[in-house]
Amino acid sequence: MKLCTGLTCGGKMEKKNRFSILLERLMGTVNLKNATLAAELQYDVSYISKWINGKTLPSEKSVAQILHVISDYIVESATSAALKTLYIEYQVDVPEDLKQAIYDNLEAEYFYVKGLTKTIGADVAPETQNYAKLTLYQFLKKMSHPALRQVKSLNVIAAIDLLNMEHDVRLQIAQIDTASQILQRDFPEVHFSLLINFDIGEKDYIYDCIFIINMLTNYTHINFKIYNCIHSYDKIVFCAKDAYCITSMLLGGNLCYQVTISEDKKMCKTVYQRLATLCTREELMFRKCTMRNLLQGSDYISQMLSENLCWLLGHMTEHFLPEELHKELLEYLDISDAEREKMQNIHLLVEEVLKKSHVRILLYETALSQFAISGELDFYNNKILLDTRQREQCLSYIQNIIHEENAMELRIIHGHFVMDFQFNANPSLFLSNNLCYLRLDSKNIQNNVTLLNINIAKKMFRCFFEEIWSHSEEDVVISDWRKIESILKHMKQSVALLKKVDKGIIELNNFDNVLKSKEVIKNLLK
């Protein structure tokens, strides 16, 4: 589901298309006259009247320039009261973001109307459309609708047999950006519930779990929930409350039969309510939590004291810190002295667990290299940058743990298991017999902790961990402690070099030397 900002374009649309309705509403919000906008665009006023009345649309050749002028002028000519209304509607707080949001909204409505004219020969969609058969990609194209831009208040429920689909289709439906994670602002009034059939036959635990983790990460900016639902088998049902719905039977993995698309509010309400009855607490796969809640209660400690501890670390966390460094970093947090003392005591427990308990840890090599270069540490879900001295202390502490005779087992993951997500942040997973949770790596820090809520989720991620742990290729999952020691040694050398650069011991006389120094650091991290 793709979410963008925009004004509600509700109500019956008998003669005017959605673009015309939106344009008229925006102009009305800021009390912008047709003649004034025409002068700004250097168009005859009759063109503006025709756009608003739904008689015609701007030409596709010049639409980008026209919409940019309209968006900019709406914001620049708005009174303070009108700006406040638009800020609330679009969930932004600065003029430049508002201009872009209005432009995106107008553009989406424009091309939606253009699409209607090309497919059904009209610029207003009928209340209900039926298709005997569509390809899956045709269906997905029709699933995209401007109603999804109502970020001030939006409720969506979908039942999709997602795990039985091809990987590229999954990525398109989930709108996972495989190149980078874009900084997204929070939309607390956007609610998206996704019902998936997890009772599938042959499972690909590694791909399925990494896919789900990335989907959870992608949607930390909204109220996103995943439910287990066997009724999703061979179905795609997508419904935006009081706006539109699209339903289909999925056959053969890539064909959709008996497709119905409706903007009839009564039908949409019925479909939404039926799906809502399937969203039960007993089937909720993941539950949002906060690190503060884990620490203030007994959950963080309980997880540490539980049996069958298994950790998968995609980024460096507070677990591998010597006592004094941990105490030093606590001073960075805006917490009370009582909380600081409690967290220090918890860390002393973690040290004992690492020394005496059988903890199996999978650590991504990229987590070490990124930490060595940037110093970024996930410190109880707070991003803290460590200086080179502190990084050296942390890496030395890990080396000491490996050298000591203890029950902890550490393996290093080299590279990525799934190419679809090779540019995405690696996951962090904490499993035990008592509590299991994910620590996502998104910009929306307050939503990064997610509990595995029911047994089917816990079993799925346990199998995921075991498949990686028992991976047969030594160059992918490194278990030889001598190789692990070599990796850690290289990381420490990298930090030592960076430390010298910081102190100015290495003199960089010209640009060529700068490039050479950067190349040295890269080689050390290979």
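Refer to the structure printed above.
The residue count restarts for each chain, going from 1 along the sequence in the order it is written. Totals for whole chains, interfaces and linings use every residue, but because this is a predicted model, local features are given only for residues with pLDDT of at least 70 and side-chain atom pairs only at 80 or more, for both listing and counting. Computation of side-chain values: all heavy atoms of the structure, hydrogens and water removed.

1. Things to note about the overall build of the protein
At step 1: Within the protein, the regular secondary structure consists of 19 helices and 17 strands.
At step 2: The dimensions of the protein, computed from C-alpha atoms along their principal axes, are 80 × 60 × 45 Å.
At step 3: Per-residue burial for the protein yields a buried fraction of 51% across its 526 residues.
At step 4: Residues count as neighbours in contact if any of their non-hydrogen atoms are within 4.5 Å of one another. Sequence-distant contacts in the protein: of pairs separated by 6 or more residues, those separated by 24 or more amount to 78%.
At step 5: The Shrake-Rupley method, run with a 1.4 Å probe sphere, supplies the accessible areas, and residue values consider only the shown protein chains as cover. About 24,700 Å² of surface is accessible on the protein, with carbon and sulfur atoms providing 50% of the total.
At step 6: Counting rule for charge: Lys and Arg are taken as positive, Asp and Glu as negative, and neither His nor the chain ends is counted. To locate a charge, take NZ of a lysine, CZ of an arginine, CG of an aspartate or CD of a glutamate. Within the protein, the 66 negative side-chain charges are centred at a point lying 5 Å from the centre of the 59 positive side-chain charges. Numbering goes from the N terminus for both helices and strands, where a helix is a DSSP run of H or I of at least four residues and a strand is a run of E of at least two. Type-normalised accessible area, obtained with a 1.4 Å probe on protein chains alone, sets the label of each residue: buried when under 20%, exposed when over 50%, and partly exposed for intermediate values.

2. A short note on helix α14 (residues 337-356)
At step 1: For α14, spanning 20 residues, the distance from its first C-alpha to its last is 29 Å, which sits close to the expected 28 Å at 1.5 Å a residue.
At step 2: Listed as buried for α14 are R340, M343, Q344, I346, H347, V350, E351, V353 and L354.
At step 3: Looking at the packing, one finds that the buried side of α14 touches α11 (291-296), α12 (299-305), β9 (309-313), α13 (323-330), β10 (359-364) and α16 (388-403). Helices are assigned an expected span. That span is 1.5 Å times one less than the residue count.

3. Remarks on the pairing of strand β2 (residues 154-160)
At step 1: Counted residue by residue, β2 has six buried out of seven residues, so it is predominantly covered.
At step 2: Taken together, the six bridges between β2 and strand β3 (residues 190-196) define a ladder with parallel strand orientation. Bridge pairing in β3 links L154 to V190. Should DSSP find at least two bridges between two strands, the strands are taken to pair.

4. Notes on the sheet that holds strand β5 (residues 235-240)
At step 1: One open sheet holds the seven strands; their spatial order is β1-β7-β6-β5-β2-β3-β4, and the pairing between them is mixed. Only two strands of the sheet have a single partner each, and these edge strands are β1 (128-135) and β4 (223-228). In this sheet, neighbouring strand axes are inclined to one another by 10 degrees on average, regardless of whether the strands run parallel or antiparallel.
At step 2: In the packing of helix α9 (residues 205-218) onto the sheet, the strands contacted are β3 and β4, and the crossing angle to β4 comes to about 150 degrees.
At step 3: The strands that helix α10 (residues 265-276) touches are β2, β3, β5, β6 (244-251) and β7 (255-262); relative to β5, the one it contacts most, it runs at about 115 degrees. A fitted line through C-alpha atoms represents every axis, and for helices the fit uses only the stretch in contact; the resulting angles, taken between N-to-C directions, go from 0 to 180 degrees.

5. Digging into the packing of α13 against α14
At step 1: One can describe the packing of α13 onto α14 by two numbers: an axis separation of 10 Å at closest approach and a directional angle of 155 degrees. Classified by the angle between their axes, α13 and α14 sit roughly antiparallel to one another. Taken as a pair, α13 and α14 cross one another with a handedness that is right-handed. Along the contact surface, α13 presents E323, H326, K327 and L330, while α14 presents R340, M343, Q344, H347, L348 and E351.
At step 2: Per-class residue counts for the contact of α13 with α14 are three nonpolar, three polar and four charged. Angle categories are assigned with fixed cut-offs, so that under 35 degrees is roughly parallel, over 145 is roughly antiparallel, 65 to 115 is roughly perpendicular, and the rest are oblique. By convention the crossing between two helices is left-handed if the near helix lies anticlockwise of the far one by an angle smaller than a right angle, and right-handed if it lies clockwise. Each residue receives one of three labels: charged for Asp, Glu, Lys and Arg, nonpolar for Ala, Val, Leu, Ile, Met, Phe, Trp, Tyr, Cys and Pro, and polar for the others, Gly being one of them.

6. A look at the pattern of salt bridges
Side chains carrying opposite charge are able to pair once their charged atoms draw close together.
At step 1: Should a side-chain nitrogen of Lys or Arg be within 4 Å of a carboxyl oxygen of Asp or Glu, the pair is scored as a salt bridge. Across all of its chains, the model carries 17 salt bridges by this definition.
At step 2: The partner of K16 in a salt bridge is E24, with the nearest N and O atoms 2.4 Å apart.
At step 3: For K499, the salt bridge is made with E392, and the minimal N-O distance between the two is 3.0 Å. Of this pair, K499 sits in helix α18 (residues 481-503) while E392 sits in helix α16, and the two are 107 residues apart along the sequence.
At step 4: Sharing partners across several salt bridges, the network here consists of E76, E96 and K99.

7. Some remarks on the packing of helix α8 (residues 167-174) against α9
At step 1: At a minimum axis distance of 11 Å, the contact between α8 and α9 shows a crossing angle of 15 degrees. Here α8 is positioned roughly parallel relative to α9, judged by the angle of their axes. Of the two possible hands of crossing, α8 and α9 adopt the one that is right-handed. Residues H167, R170, L171 and A174 of α8 lie in contact with α9, whose contacting residues are Y207, D208, F211, M215 and N218.
At step 2: Grouping the amino acids of the contact of α8 with α9 by side-chain chemistry returns five nonpolar, two polar and two charged.

8. Looking at the environment of K99
At step 1: With respect to the helices and strands, K99 occurs in helix α6 (residues 95-119).
At step 2: Judged by relative accessible area, which is 12%, K99 ranks as buried.
At step 3: Counting along the chain gives 29 residues from K99 to I70, while the straight-line C-alpha distance between them is 9.0 Å.
At step 4: If near-sequence neighbours (up to four positions away) are discounted, K99 is found in contact with S71, D72, V75 and E76.

9. Comments concerning the pairing of β5
At step 1: Burial analysis of β5 places five of its six residues in the buried class, the great majority of the element.
At step 2: Pairing between β2 and β5: five bridges, direction antiparallel. Bridge assignment links I160 to a residue of β5, and that residue is I236.
At step 3: As paired strands, β5 and β6 are joined by six bridges and run antiparallel to one another. Across the sheet, C239 pairs through a bridge with C245, a residue of β6.
At step 4: A loop of three residues connects β5 with β6, the two strands running antiparallel in sequence, and D242 in this loop sits at a positive phi of about 60 degrees.

10. Some thoughts on the nonpolar core
At step 1: Definition used in this section: a nonpolar core is a set of buried Ala, Val, Leu, Ile, Met, Phe, Trp, Tyr and Cys residues joined via side-chain atoms within 4.5 Å. Ranked by internal contacts, the top residues of the largest apolar core, which has 128 residues, are M215, I226, F286, Y300, L368, F461 and F464.
At step 2: Listed in part, the 35 residues of the second largest apolar core include L26, L37, A38 and I52.

11. Concerning unusual backbone geometry
At step 1: A positive phi angle, close to 60 degrees, is found at D242, a residue other than glycine.
At step 2: The residue D242 is located in the loop between β5 and β6 in this model.

12. Considering α10
At step 1: In this model, α10 (twelve residues) spans 16 Å end to end at C-alpha, consistent with the 16 Å of a helix rising 1.5 Å per residue.
At step 2: Of the residues making up α10, those classed as buried are C268, V271, Y272 and L275. The buried residues of α10 occupy one face: seen down the axis, they fall within an arc of 100 degrees. Away from the buried face of α10 by more than 90 degrees, exposed residues K266 and R274 are located. Here the arc refers to the set of directions running from the helix axis out to each C-beta atom.

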